[in-house]
Each structure stands twice: as structure tokens, then as C-alpha cells.
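Descriptive analysis of the structure
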Amino acid sequence: MNENETQAAPERDLTPEELIEAMEASFRDFNDGDIVEGEVVKIDRDEVLLDIGYKSEGVIPSKELSIRHDVDPNEVVAVGDRIEALVLQKEDKEGRLILSKKRAQYERAWGRIEEVMQSGQTIKGPVIEVVKGGLILDIGLRGFLPASLVDLRRVRDLAPFVGTELEAKIIELDRNRNNVVLSRRAFLEESQSEGRKKFLEGLQKGERRKGTVSSIVNFGAFVDLGGVDGLVHVSELSWKHVDHPGEVVAVGQEVEVEVLDVDLERERVSLSLKSTQEDPWKEFERKYKAGEIIDGQVTKLVPFGAFVRVAHGIEGLVHISELSHEHVESPEAVLSVGDEVRVKVIDVDVSRRRVSLSMRQVSGGGAPAREPEIQAEPAPQAPPAEEMEPSTIAVPQSIVDAVAEAEAQAATEPGSEAPSPASVAVEPAEPAAPREEVAEPVKAVEAEQAAEPEPDVAPPSEPVPDAIATPGESGAEADETPAQEPKVEVAEAETAAEGGGADEEVSLEAILEDLKRREGRND
């Protein structure tokens, strides 16, 4: 072959028609929703330019670069990187091609995630964000990992997981809602299932194991025994009362625990920390017997007494009746919280966790003599009864004169005899009260009234009253009006005067009025 034959034939220039065809062939044909590949040619703060072999570069807005929020485009891509993007809009109002790198990742990821879930495999991704209730993993899209499924036990602080890569299983998938739920706990349980079962089968009730406190919750503390966590309930942390487990243990603390129970089906282990310690109640019973006097501190006051701490974790009750020899209305009257007191041990009941104490018996002896709280006042003596002087009824002198004048007139009449002194009688008055009596006769009364001036009394012009009878009257008249001895009824006058007082004198006007009334009745 000669030299001329070996030379390449010169290239032929394309005709205009051929050139147009060649240019059209070089342009890619695509539609909205297609995934295209290109090279990053420029990075701005708000957008990235991607050369996909179209007549113009495609524009990727910064919010369409990544599933993370508020990221710097330079942290996601670099000039010269070849990436995939999804066509959002072939031409906007400005004639630009709008692309999305994030949407292209979604489309690629959904297919892969669906295959992983169907096969039961796991998926890995970095934690990019902590949200309410869990974590967000970048698995090509935003996968949600609930806080309760982050570990075998609930984790309270999720911040340390940000930036770490976690492996989890897909437990829920909803493409329409763009929702993917993950579970790292399911992955851990599955991976540790065989080793966990062997470990649990090797545990025996009553044996003691050393472990590390892995987490603390309100109801107790979890202890890692070496691949398996056991729960120490708050009631098994200490012999004394515990309000919160944090008062006894701390995360990372090494402890020795006793196995209380092993549930192979539920794969749970119950542990006890206080079982590895001596029961303080048995120690107290061994050291102190009934009748011994010890020191204590008042920790609480209740209506029925006071609680006194006599040893670490042991409180005894001093009943209100054992606080003092004196009567105590309320424990607050004699004690305050924090007071140091000396008490006597009355009884120790280990089974019921009770100690009965007494402050009253510390001093010994019986109750001191004390004054009665209420002294009875002496009964008042009644004053001696005064002796009542005998009361008398004074007959006015006018009555006596009237009776004498009537006797004189009767004596002057023919055939009449002077009445005997007995014809005018004064009846003694009945006593007005058991202690009253008429002590003196009428003459004594007259003597007492002699000094008083006599009232002017006109002699009666009327006939002699019926109280004075004449001996010369006929028997017939005597039958109709029987003869009566003239009387001055002192009793009635006395009775009328009782309303004003036993020792008051009879009113003269009342007696005269009574005589006139009687004379008119006899007429």
C-alpha cells in the first residue's frame, strides 16, 4: 500500500440541511416528570445551574436540592458533579427549565425502599433532625423513627443521635402521603434474639449479678447485665422510702443486683437492689430491745402522734397518749419537726415494719401530782332565816266607840237588858302565813293606837245593826232573825289587808264601809 492510500480522506463539510438535523439530534427530548442527568456548572446562593445537554441550562432552586431544610447549596453539590434531577417544568414564564434534585432522589428511593420492605431487609441512613416524638433519617427521603423505637428501652435525650448513622427496619410505608416509619428497636431485637434467649435461660432466681445502670425512669431503673436489661422497680431499690430512683442510683453506676424473676416468653428480668443489703429492721431488732431508751429526731407530726427517726430508714410512732404525762390536745403543742428527743422502745414488729415508742416513759415513775384543771367553788351558804315578829291587827278606836254607844242605847230602852260583855266579841284573825299569828288581844292593840289621833266619826243615826240583838224581841222575830252575838269580823278585815302585807294596819274606811254594807243588808 502506497503512502497516498494511507492518508485519511478529508472530512466533508455538512450541508445546511445536514447541520440542522445534527443539531436537533444532539438536543435531548424529555417531558415534565422525567429524570435527567447533567453536570453542575454553577452554584449560587439561591440556585444551581445544571447542564443536561438542552438548549439552555436547567435551574435547581436551593429548596429542591435536599430533603434537609435551610441548607447551603455548596454543602450539597460542587461544580463538576454529575447528578440526577427531575423535570418540574420544561419552561417557566422566563423560558427556563426548572429541575429538582430532591424529587429525583424521592423517585429513586421509593423504588428501593419498597423492595427493602418487601424483602424484610434493613435500611441505613444518617440522622439529620430531631423532631417532636422522634428522629428524621435521610434514606433518600425523610424517614421517621419514633423515640420509643430508637432503642430497646425508651431514650429521653435524642440529641446525641444527630449525625450518627442508624440501621433500622421499615415498618410502615405510604407513598401517597410520602410517609415512611422506621424501627431500630425491631432490628436490635431481631439481631439480639438468639443471644438474648441463651442469656435469659442461664439466669437463675436468687443469684446475684453485677451490671451497669443504663437508664432511669419514674418507676425504677434499668440495669444492663451484659446484653440484657433488667428492671429494678422503685420498691426494690432501697429498704427506705424512695420518691424517685435518682435518689439511689445514677446512669452508668455499677451495682450488684439479685435476680427476682425471669420471664422467658416476654424476655423480661426483674431485679432487686435492696435484697443485696441487710434489712435495717432486722438490724434494729437485733440491736435494740423493748425498754431501751434511744435518741431520735421528729420527722412528721400527725393528729394521732409523732413519727421519730431512730435509725437509718426506720421511723417509729410516738402515740399522742405517750407524748407527755400531761394531757396533750395536739402534738404540735409539745413538738416540732426536727426536734431531737429521747424515746423509749415499747415494741418492735419487724413483719409489719412498725416501732412503738414513748416519750412519757423516759422519765420513769408515775404521773406527777397536778392541780385539778377545774376547781369546784364552795357552795354558797344561805343566810339564816330572820325570825318573823308576830303580827297583830289593830282595831280602830272608832269601832270600839261605836260598839259602846250601841250598848248604851240598848240599855235605855224599856224591857231590855244590858248585854253581857260576851255579847260583843272580837274573833281572832286566822294566821295569814304559817309563821304569822295574832299575839296580843284587842286591848293591847287599843293601847298601841292610843297615841294616834282619832278620826272624826259621827255617831250612827241608823238603828242598831243586826250584829247586836235586844232581849225584848218576840220569839217569832227571833225565829226569823236569830239572835246573834255582835261581832266585828276581824278575820275578814285581816284577809282584806293581807294583800298589802301582814304587818300593815287595817284601813278604817274599809271597815266602816263593811259595817254600812251589813246594816243595809239587815234593813
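Bear in mind the structure is a predicted one, so any value in this text is a computation, not a measurement. (Residues numbered from 1 in each chain as written. Predicted model: local features only at pLDDT ≥ 70, side-chain atom pairs only at ≥ 80, totals over all residues. Heavy atoms only, no water.)

Digging into the pairing of strand β10 (residues 179-183)
Strand residues, when the strand is regular, have side chains that alternate between the two faces of the sheet. This is how the line gets drawn: Working definition: with a 1.4 Å probe on protein chains only, accessible area under 20% of the residue-type maximum means buried, over 50% means exposed, and in between means partly exposed. Put simply, DSSP marks the helices as runs of H or I at least four residues long and the strands as runs of E at least two long, and each gets a number from the N terminus on. Here, any two strands with at least 2 DSSP bridges between them count as paired.
Burial analysis of β10 places four of its five residues in the buried class, which makes it a mostly covered element. Pairing of strand β8 (residues 142-146) with β10 involves two bridges; the strand directions are parallel. What sits directly across from Phe 144, in β10, is Val 181. Across five bridges, the pairing between strand β9 (residues 165-174) and β10 is antiparallel.

Considering unusual backbone geometry
Residues other than glycine predominantly adopt negative phi, and peptide bonds predominantly adopt the trans conformation. Positive phi, close to 55°, is recorded for Asn 178, a residue that is not glycine. Relative accessible area serves as the criterion here: at 36%, Asn 178 is assigned to the partly exposed category. A positive phi angle, near 55°, is found at Arg 353, a position not held by glycine. Mapped onto the elements, Arg 353 comes out in the loop between β19 (340-349) and β20 (354-358).

With respect to the pairing of β8
Relative to β8, strand β7 (residues 134-138) runs antiparallel, the two being bridged by five bridges. Opposite Leu 137, over in β8, you have Gly 143 as the bridge partner. Connecting β7 to the antiparallel partner β8 that follows it, the hairpin turn spans three residues, and Gly 140 within it adopts a positive phi of roughly 100°.

A word on the pattern of salt bridges
How we decide: Here, a salt bridge means any Lys or Arg side-chain nitrogen found within 4 Å of an Asp or Glu carboxyl oxygen.
Summed over all chains, the structure comprises 15 salt bridges. Between Arg 103 and Glu 64 there is a salt bridge whose closest N-O contact spans 3.8 Å. In this pair, Arg 103 is assigned in helix α4 (residues 101-119) and Glu 64 in the loop between β3 (58-61) and α3 (73-76), connecting sequence segments 39 residues apart. You can call Arg 103 partly exposed: its relative accessible area is 35%. Of the charged contacts in the structure, one is a salt bridge between Asp 514 and Arg 517, with a shortest N-O distance of 2.3 Å.

Some words on the sheet that holds strand β13 (residues 229-233)
As a reminder, the rule being used: With axes taken as lines fitted to C-alpha atoms, and helix axes fitted only over the stretch in contact, angles between N-to-C directions fall between 0 and 180 degrees.
The mixed closed barrel is built from five strands, whose spatial order is β11-β12-β13-β15-β14. Taking the axes of each pair of neighbouring strands and ignoring which way they run, one obtains an average angle of 50° across the sheet. Pairing between strand β12 (residues 220-224) and β13: five bridges, direction antiparallel. Bridge pairing in β13 places Ala 221 opposite Val 232.

Examining the side chain of Asp 151
Under the convention used in this document: When checking whether two residues touch, look at their non-hydrogen atoms; a contact exists if any pair is within 4.5 Å.
Here Asp 151 is to be found in the loop between β8 and β9. Not counting the four nearest positions on each side in its chain, Asp 151 is found in contact with Arg 184, Arg 185 and Leu 188.

Describing the confidence of the model for the chain
The criterion, for reference: As a per-residue quantity, pLDDT reports the predictor's confidence and falls between 0 and 100.
Per-residue pLDDT for the chain averages 74, and the proportion of residues at 70 or more is 69%. Taken as a whole, residues 1-9 scores under 50 in pLDDT and shows one contact with residues more than four places along the chain or in a different chain. Throughout residues 453-504 the model reports pLDDT below 50, and contacts reaching past four residues in sequence, or to other chains, amount to 57 contacts.

A look at the side chain of Arg 184
Looking at the element boundaries, Arg 184 is found in helix α5 (residues 184-202). Other than its neighbours up to four places away in sequence, Arg 184 contacts Leu 145, Leu 149, Val 150, Asp 151, Phe 161, Leu 166, Glu 167 and Ala 168.

What to know about α4
Note the cut-off: One less than the residue count of a helix, multiplied by 1.5 Å, gives the span that helix is expected to have. Pairs of N or O atoms within 3.5 Å make up the polar contacts considered here, provided that, within protein, one atom can donate a hydrogen while the other can accept it, and that residues adjacent in sequence are counted only when both atoms are side-chain atoms.
The first and last C-alpha atoms of α4 sit 27 Å apart over 19 residues, in line with the 27 Å expected at 1.5 Å per residue. Restricting attention to buried positions, one finds in α4 the residues Lys 101, Lys 102, Ala 104, Tyr 106, Ala 109, Trp 110, Ile 113 and Val 116. N-capping of α4 is provided by Ser 100, with a side-chain oxygen placed 3.0 Å from the backbone N of Arg 103. Looking at the residues trailing α4, positive phi occurs at Gly 120, about 80°.

Focus: the sheet that holds strand β16 (residues 293-302)
One closed barrel holds the five strands; their spatial order is β16-β17-β18-β20-β19, and the pairing between them is mixed. Pairs of neighbouring strands in the sheet enclose a mean axial angle of 50°, with direction left out of account. Relative to β20, β19 runs antiparallel, the two being bridged by five bridges. Within β20, the position partnered with Asp 347 by the bridge is Ser 356. In the packing of helix α6 (residues 280-287) onto the sheet, contacts are made with β16, β17 (305-311), β18 (314-319), β19 and β20, and the angle to β18 comes to roughly 60°.

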